[in-house]
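# Tertiary structure, described
Listed below, chain by chain, are the residues.
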Amino acid sequence: MKKVAILVSVVLLATACSETPKAPDALVSDKALAFAEAYLNYDYQEALRHVTPESEKWLRYAASNLTEEDIDAVNGQEEAATVEADDVTWTSDSTAVVAITASNLMVKDSIGKAAYWHEEAEYRLTVVKRDGRYYVRMACPLRSERQSRD
């Protein structure tokens, strides 16, 4: 009986001390948020760490369209853009779409036009699983689903 009690105690202790792995929704949300925070604050080098290799061209495209005025505006803002995940929708075993709400962000609309500030915007990010890790997959430059202008 003592052996059973000791065995049960050891199993319970091992279970209590082990780290619980994150659920896939949390992993996907974390990756989307890390990417969105970097991207929307124009830290493309950091954003690059969170995307698939084929998405790099879209980050390079976005970076190539920044003007000195855009950079000065981002550097001069008092608060960085903030993001939160609203919803995760799985489209397959390895692909999910994460709805993101961003606040206090500068939006670069098109080449030759001045950037402008938004109080809030919504994005949908596709996150894919490759080699056991999650990455944001960009098929085009990031565009808001909805924007509320200041």
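Not measured: the values here are computed from a predicted model.

A few words now on the pattern of salt bridges. For the structure on display, the rule yields three salt bridges. Across the salt bridge formed by Glu54 and Arg130, the nearest N and O atoms sit 2.6 Å from each other. Placement of the pair is Glu54 in the loop between helix H3 (44–48) and helix H4 (56–64) and Arg130 in strand S3 (residues 116–130), with a sequence separation of 76 residues. Using a relative accessible area of 36% as the deciding quantity, one classes Glu54 as partly exposed. As a salt-bridge pair, Arg60 and Glu56 come within 2.6 Å of each other at their nearest N and O atoms. Residue Arg60 and its partner Glu56 are located together in helix H4, separated by four residues, close to a single helical turn. Taking relative accessible area as the criterion, Arg60 reaches 56% and is therefore assigned exposed.

Spanning 17 residues, helix H2 (residues 24–40) covers 24 Å between terminal C-alpha atoms, matching the ideal 24 Å at 1.5 Å per step. Among the residues of H2, those classed as buried are Val28, Ser29, Lys31, Ala32, Phe35, Ala36, Ala38, Tyr39 and Leu40. Positive phi shows up at Tyr42, right after H2, with a value of about 60°.

Criteria and thresholds
- Residues numbered from 1 in each chain as written.
- Predicted model: local features only at pLDDT ≥ 70, side-chain atom pairs only at ≥ 80, totals over all residues.
- Heavy atoms only, no water.
- Salt bridge = Lys/Arg side-chain N within 4 Å of Asp/Glu carboxyl O.
- Helix = DSSP H or I, 4+ residues; strand = E, 2+ residues; numbered from the N terminus.
- Buried < 20%, exposed > 50% of the residue type's maximum accessible area, 1.4 Å probe, protein only.
- Expected span 1.5 Å × (residues − 1).

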